[in-house]
Structures are given as C-alpha cells and as structure tokens.
Amino acid sequence: MMRHNVPADFEPKIIGFLCNWCSYAGADKAGTAQLAYPPNIHVVRVMCSGRVDPQFVLQAYHKGADGVLILACHPGDCHYKEGNYRTAQRNRLLKLLLGQFGIEEERCRFDYVSAGEGDRFARIVTEMVESLRLLGPFATNHHRKEA
Amino acid sequence: MRVGVYFCNCGTNIAGKINPEQVKAQLRDMPEVDYFETCGFLCSEDGKRFLAEDIRSKEPDRVVIAACSPRDHEANFMRVLENAGLNPYLFQMANIREQVAWVTTDPERALSKGVSAIRSAIARVRLHEPLEKQKLDIVPDVLVIGAGPAGLKAALALAAADRRVVLVEKDPVIGGKPVRYEELFPAMECAPCMLEPLMGDVFHGEHADRVELLTQTEVVEVTGYYGNFIVKLRQQSRHVDPVQCIGCGECVAACPASAPNEFNCGMSERKGIDFPFAGALPYAPYLDHQTCTRKNRGDECRLCKDACPLGPDIIDLDAGELVKERNVGAIVVATGSGLYDCSALPNLGYGRLPDVYTSYEFERILSSTGPTGGELVTKEGKLPGSVAIIHCVGSLNETHRPYCSGVCCQYAFKFDHLLRSRFPDIRITHLYRQLVLPGKDGTSLYREAVTSHAVDLIRYENISDISLYSCNSGNGGTIISTGQQNKLNADLVILCTAMIAAPGADTLAEVLDVSRDRWGFFEELHGRLDAAQSKLKGVYLAGTCQAPMDIQQAMQQGMAAAGYVLAGLVPGRKLEIEPITAAVQTDRCGGCRVCVAVCPYKATGFDEESRKSAVNPVLCHGCGTCVAACPAGAMEGHHFTSAEITAELEEALG
C-alpha cells in the first residue's frame, strides 16, 4: 500500500526480536565486519525466537514502532531444536491477524539469519527500512495518535 | 532503586563514535540512574577490578553495562558482579559496539541509537529479579544400555574414571553385532580379536569391579531426572551361574531339546541350553526356557544339571526372572541398529530364492563361529562360481529409506576381497545405486576390487528395475535382470541392506521418554554440536542407535557419551541449574497443556491431581517457547519476563 504525504525526514522505528544463538550473533557479525546499515532498529535479544509472543509485536505497534522484525535460526538449526518452527507457525497466524487489522504486510517481517550471516542481517534491516520509508509512519496510516 | 551505569569506551571502538559525556547528559531525566562511570577497557583485568571495587563501594541495586555484545563478556561481568556481592542477574548489557558504533556511519545517529539502547537496558533492569542457581545432589553412577562396541567403550571409560556402571545387555552375549563378524573393513582385522580386550576388561580388567554386567536384561521403567534417575531392570534368568561355569559344554551335549539358533539367523540349530556361538562372552551357556522341555512339555528333564561336572549348584532350572532397581545419575543408550526388512523388496527374491542372503546372514556364514563354521557352499552343496552383491538395498530410495547407511559399500568390498581370496576363479558383480566410500581408508578395498578382472560393477537407477528369479537348469543359481543390462547369473546373492532403528527402540524410547527421529533412530540434541546427547538431559546416545555409522564412529561416540557424563556429573560437585527457566504461576494456569505440547525437552509436565502444569527446572533449557505459547499468561520465563521485554521495547520506542 503506497502512502501519500510521507514526511521527508521520516525515520521508521523498527523493533527487532532476535534469537540469542543465531540471529543476534548474526547481527554481531555485521558489527565485527563493520557493515553499516541504517540505525533504525532496536534489537531485543531473546534466547529463542520461540519466546516471541505475538503480543510483543502488537505492543510494539501500539507504542510507536513502524515495523517489527522477527529473526530466527534457519530451519533445522534452532538451538532449541524447534523453537523457530513454532515462531514460523505463529507468524502465519499473526500475519492473518495483522491483515484483518489493516496493518500492512511489510510492517512485520519474519526471516532467518544464521550466526555467520552478518551481511544478510544488514541487508534485511536495510530493505525493511527502505520499504517502511515508502509506507510511511504507522501512526499516520492508522491514526493512532489522533487523540 | 539505584542503577549504576558503566560505559566502556573500548579504547576508541565505542568512544570514537559515541561520546560518553553526551550519553550521560541524555540519561539525566531517568531518576533511577544513580551514577554513570566510564572505563577504557572494562573487560581488561584492570577494568574488572575497577568494576568490582566500584560496585562494592557504591552498592547499586542494579547495574547496566554499555559495551560490547553480551555474547562477548556478559558471563565475565556476571562473575565480577557476583564477586562484588551483587546478584549477577540484576544486570543488563547494552550492546553499543557490535550493534551501534561499528555499524552506524553517522555519529549523531550512533549517539541517539546508543542512548536508546542504554535507556532500554535501564528500563529493563529495573524489573530484574535476583535469581539463584539451584544446586542439587547428584548420583555419579551410570546406566549403559547395550554392550556392543559403543556401550562397552562408554562403560569402560566411565569405570576407569571410578564411576560405578550398570551395563545391561538384552542378549546373553556381549560384543554387539561386530563380535559375530569374522573380519572387518578396511584392514580385514579379526572382529572378535579386536573386541576381546574390551570385553575381557568388563570381566577381569583393572576396573571390572566397578562394572555390573547384567545380560538378558531390559530396562522396564525409568523415573527421576538428570543426576538422579531410578531405573527398574528386568533380568531373565540365564539358569547357569556364569561366574562358576567353566564353559565345558557337557550340559549342551546332554540337552535333548533344540531350536533354530537366532544368533545364526536360524541357519543352524542350537540346544535348549547352549552357547549363542563359540567364543561368546560371558563364557557360559544360557538356558532358553522356551526351548527347554520342562517348559514345553512340562516334564522333569534335568539332564543338563546332572551332566554338569561342577555339581548341582551351577545350573538352576527353576530360577525366575529378577527385577532390580538401580540409582544412576545418567543413562547412555547404545542399543545398536537393525536391518531393513528385505521382504519389502520382493523383486530381490529374499526368502523365495535359495541362495539370497542379507549381508548380516552372510557375515555369519563367513564367520568361523557361524552356522557352517565359515564354510561357504550353495544350497546345492556347490562352491560358488559367481556372486552378485547388491548395494543400497532399501537405501537411497524414497519409498524405502532415502539415506545412505555409509558402511555397506565398504563391507561389500570386504566380501569381495574375502570371496576372491577364498575362490580364485570366482566372478563377482556389484550392483549399486551409489558408491559411498568415506574416510581415509574408505577406498582401499574398493581400489583393489576394481583392478581385479574378476569384478564387475554395474550401476542401477532404481532397485525396482532389478529382478531375481530362479535358474531352471536344475543346477540352482539365480538369474538377475537389471533392466536394460544383460541378464547375469549368480550362484549366490548378497543384499546389502539399509541400517535401520533396532527392533525394540520404540519401547525403550517410551520407557526413557526420549524422542526418536522420523526413521526411528534415537534423536540427538543437535546434529553437529551434540550428536551424543538425546533431547532429554542426562540421557546420552552412542553408536548406531542414533544414526547409521561404522564401528570406529560408534566407539568414538561411546567415548563422547562417557565424556558428557564425566563433565556433567562430578562427584562432590552439585548439579547447578541455570535459573533462566520457565515457571508456572499456578493460580493462572488453566490446565490446557499447550506448554506440555510445545516443550522440546519434556520439561513441562502436567500434574493430574492439581490439574496444573509444572516445569522441571532441571530439564528446562530456558528457550521460552512455552511462555509465548501459554494462552493464560501463566507461564513466566525468568530473566525474559513479558514485563521486562515490554519495558525494554517501550523505552526503545520512547
């Protein structure tokens, strides 16, 4: 959904839920490789992506996030065997729910990043920031802060 | 609430991008921030000393360290906190190096992202609870299930480290499958001779007094958990005292009953009281009461007992089974594997044609302790002139097993070597789907075979293209059609069948409450990191019960399993349980059991009496999957509570 009147200085805010063993380590890897990416993400470290309660995602929007990123270990690589599958299952339902609320698909991204994939992490964040820039602020689109 | 904030400059790594003074200024509106200190290198010995002394003197309620990734130094700083008298969980790191300073080009935006990270950590740490590691007494003794190569290796290693080991074996003989083979790939080593020192050590080695070997025994019940299992073992009676028996065999000669010998795949007969095979250890016959006429016909036969030259006390005809209970801290599963059922491939004629054998049957035929004493003749009594060896039977095939067992090609070329050395005029044809010969010695027998004029190799696409039928010449033999290829004759056919889960693995998995993979093998915790650990803490896996593998790998996995036990259960040391686990708030639990269903470690259980779930912290790995799954919000994840996570993200969104 393209939005009109996106302020020129709009900087999207992203909350990223990253599992400790793969994705968080992947984000650290981007750091050690000194790969620059937009600073629009705040990373919340969880032990496993399976800990990501869909409620956190809704709370993030409610508190002003423009996008939420959930990153897990690649299928078969989960430190806890199957937490990432649970997350993938929940994410499918969450997507349906967000759609019913009229929340654009681009605002919630679920992906896999391994501990070695610093470049992939940086790319995903960059892509998401770009797509959110086009989409505009969550608050404007959904009149959250009208009151 | 007083929070102390430490900002690590990390030389210029952080401070070169983020100015600590500006950070400090942007924390002023947070009343709980009691002080803000900077340090050049907080992880250095000087830095840690400063941190400890500063915490001791300022006595903050909570600490935030803005520095590198928690994956680098969180554990170090936690130890410093603990030594300084602060509960190490009243602490949060803000990763402003890997995830801010090093990845943000614009210094102004690096500053604001860094500040946001630190403020979020402060918001979060306010809610942190002091957590304590639970300390439990442990039993250092170990149950090893299965006395094949992997189990023997594990048991002896554990005994050498002064552990008491209960080694149970369901058969009356130890040594697993390889002890029944004549020679082994790649170096044609005598299998029983190779295993003899290991088996001998179980009976009279330096540490034998610490190994309790129980043959004809199965595990029937396991309760408790890592560090403290109670196992119930059911032992069939051997009816012969294996310690006093000298193995003379007088009782065997006297026995009037007989049955097909399962240790020779039914290819020979054994007596009601007999050795499984010559040289089998323990060196004493066993009485199979199913075969014994006392059971069969209810008679009062006591010919074996009377024949015993050592007197009437060696054979006990009326002994019943025994149930024994043992207390162990860990369990090593080393129950081996089975062979794919060739009747699922009727085109290969197994069971229908006379001279078609599985590889295991063929091993027994080659063995000097086997049904023919090692002599190889066809059912017609001829020496074999041509042999076909069919590889990948049941393997590398989606309708059977898609995996490769990894050992068949090598033993197939071992058969090849043995056949050519015994019968110089023999012709051998290998029919294979794929040749897989891993390892530094993997190709030695293969290279020898392919340079021989007596050996042909034919690749087939699908095992279903092959059909075997009987020669109608009256001289026996089998005709093999391989689809487009010409037909070929073989006096003898060997089927190299896929390695599969052992019969009985399902029952044992249920007793132990450990999971199996989709092929029925015991499932490892992690394929690369922890292949010798099951998903249930304290239950370790060794050998082909976990995956197809060769003897070398099985022995190594036996050692690996022993290593896990020795590293995890140390006498005199208590078992420390990480406090980052899930816990049920019972007043909120509705008893839906979603948490039980999602736990990959069986750490969540359901109490039938209270109709509530409960988490066993010994088994919980702290992933938090159950916490997110609980529809009632009754499950809480220590150190990753919903309130803590929410506080963090709310502050980040400012």
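Cut-offs applied
Residues numbered from 1 in each chain as written. Chains lettered and ligands numbered in written order. Predicted model: local features only at pLDDT ≥ 70, side-chain atom pairs only at ≥ 80, totals over all residues. Helix = DSSP H or I, 4+ residues; strand = E, 2+ residues; numbered from the N terminus. Buried ≥ 20, exposed ≤ 12 C-beta atoms within 10 Å, placed from the backbone. Contact = placed C-beta atoms within 7 Å. Pairing = 2+ DSSP bridges. Axes fitted to C-alpha atoms, helices over the stretch in contact; angles between N-to-C directions. Expected span 1.5 Å × (residues − 1). Nonpolar A, V, L, I, M, F, W, Y, C, P; charged D, E, K, R; others polar. Domains from an automatic or database assignment. pLDDT = per-residue confidence, 0-100. Right-handed = clockwise from strand over helix to strand, strands pointing away. Parallel < 35°, antiparallel > 145°, perpendicular 65-115°, else oblique. Left-handed = near helix turned anticlockwise from the far one by under 90°.

Thoughts on the overall build of chain B
When helices and strands are counted, chain B shows 18 helices and 36 strands. Once the C-alpha set of chain B is aligned to its principal axes, its extents read approximately 100 × 65 × 50 Å. Residues counted as buried form 49% of the 654 residues belonging to chain B. A fraction of 70% describes how many contacts in chain B between residues 6 or more apart in sequence connect residues 24 or more apart.

Some thoughts on the sheet that holds strand β12 (residues 228-235) of chain B
Residues and elements named next belong to chain B. The strand order β11-β12-β17 describes an open sheet built from three strands, whose pairing is antiparallel. The two strands at the open ends of the sheet, each matched to only one other strand, are β11 (217-225) and β17 (322-328). Going across the sheet, the axis of each strand differs from the next one's by a mean of 20°, ignoring polarity. Where β12 lies against β17, seven bridges are found, and the strand directions are antiparallel. Within the sheet, the bridge partner assigned to V231 lies in β17 and is R326.

Observations regarding helix α18 (residues 642-653) of chain B
Spanning 12 residues, α18(B) covers 16 Å between terminal C-alpha atoms, matching the ideal 16 Å at 1.5 Å per step. For α18(B), the full list of buried residues reads E644(B), I645(B), T646(B), E648(B), L649(B), E651(B), A652(B) and L653(B). Residues of α18(B) that are buried sit in contact with β1 (14-19), β2 (41-46) and α2 (54-62) of chain A together with α5 (107-125) of chain B. Residue G654(B) follows α18(B) closely and has a positive phi angle near 45°.

Brief notes about the interface of chain A and chain B
Between chain A and chain B, the residue contacts involve 36 residues of the former and 37 residues of the latter. For the side of chain A that touches chain B, the secondary structure elements donating two or more residues are α1 (23-32), β2, α2 and α3 (83-100) of chain A. Among the elements that take part in the side of chain A that touches chain B, α1(A) stands out by supplying seven residues, more than any other. A per-class count over the side of chain A that touches chain B returns 19 nonpolar, eight polar and nine charged.

A closer look at the domain arrangement of chain B
Where interface size is quoted, it is often the accessible area lost as the parts come together. Residues and elements named next belong to chain B. Entries for chain B in the domain assignment read domain 1 (3-125), domain 2 (134-175 + 184-222 + 327-336 + 507-576), domain 3 (237-320), domain 4 (338-501) and domain 5 (578-638). Put simply, the middle of domain 3 and the middle of domain 4, counted by C-alpha atoms, are 35 Å apart. At the interface, seven residues of domain 3 touch six residues of domain 4.

Notes on the confidence of the model for chain B
Chain-level statistics for chain B give a pLDDT mean of 95 and a share of 99% at 70 or above. Model confidence for the complex: the whole-complex pTM is 0.77, and ipTM, which rates the interface, is 0.94.

Focus: the environment of C255(B)
Residue and element names in this part refer to chain B. By the element assignment, C255 lies in the loop between α8 (250-254) and β13 (258-260). Taking the C-alpha atoms as reference points, C255 and C301, 46 residues apart in sequence, are found 9.0 Å from one another. Each residue touching C255, except ones within four places of it in the same chain, is listed here: K271, G272, I273, L303 and C304.

Some thoughts on the pairing of strand β7 (residues 165-168) of chain B
Residues and elements named next belong to chain B. Side chains V165 and L167 of β7 all project onto a buried face; the interleaved residues V166 and V168 project onto the opposite face, where all are buried too. Traced from strand β6 (residues 142-145) through helix α6 (residues 149-160) to β7, the parallel crossover comes out right-handed. Here four bridges tie β7 to strand β10 (residues 211-214), and the two strands are oriented parallel to one another. Note on β10: the bridge partner recorded for L167 is L213.

Some thoughts on the sheet that holds β2(A)
Residues and elements named next belong to chain A. On the basis of which strands lie adjacent, the open sheet formed by four strands has the order β2-β1-β3-β4 and parallel pairing. Whereas interior strands pair on both sides, the edge strands pair on one side only; in this sheet they are β2 and β4 (108-112). Pairs of neighbouring strands in the sheet enclose a mean axial angle of 20°, with direction left out of account.

Regarding the environment of A388(B)
Residue and element names in this part refer to chain B. Along the chain, A388 turns up in strand β21 (residues 386-393). With 26 C-beta atoms counted inside 10 Å, the residue A388 sits in the buried group. In this structure the C-alpha to C-alpha distance between A388 and Q585, which are 197 residues apart in sequence, comes to 66 Å. Setting aside residues no more than four positions away along its own chain, A388 makes contact with T429, L431, I480, L488, A490 and V493.

Side note on helix α12 (residues 408-422) of chain B
All names here are of chain B. Between its first and last C-alpha, α12 extends 21 Å over 15 residues, near the 21 Å set by a 1.5 Å rise per residue. Counted residue by residue, α12 has 11 buried out of 15 residues, so it is predominantly covered. Within α12, the full set of buried residues consists of C408, C409, Q410, Y411, A412, F413, K414, F415, D416, H417 and L419.

Notes on the packing of helix α2 (residues 45-58) of chain B against helix α3 (residues 70-83) of chain B
All names here are of chain B. For the pair α2 and α3, the least separation of the axes is 9 Å and the interaxial angle reads 40°. As judged from the angle between their axes, α2 and α3 are oblique. Of the two elements, α2 crosses α3, and the hand of that crossing is right-handed. Contacts between α2 and α3 pair K48, L51, A52 and I55 from the former with V80, L81 and N83 from the latter. For the contact of α2 with α3, the class distribution of residues is five nonpolar, one polar and one charged.

What about the environment of A319(B)?
All names here are of chain B. Inspection of the secondary structure puts A319 in the loop between α10 (303-307) and β17. Owing to 15 C-beta atoms within 10 Å, A319 belongs among the partly exposed residues under this scheme. Note: C-alpha distance between A319 and D29 (290 residues apart in sequence) is 82 Å. With residues near it in sequence (within four places) discarded, A319 still touches S237 and H239.

Thoughts on the packing of α5(B) against α18(B)
All names here are of chain B. Put simply, α5 and α18 touch, their axes get as near as 8 Å, and they point 150° apart. Between α5 and α18, the crossing angle belongs to the class labelled roughly antiparallel. Note that α5 runs across α18; the crossing there is right-handed. In this structure, α5 uses S116, R119, S120, A123 and R124 to contact α18, whose residues at the interface are E644, A647, E648, E650, E651 and A652.

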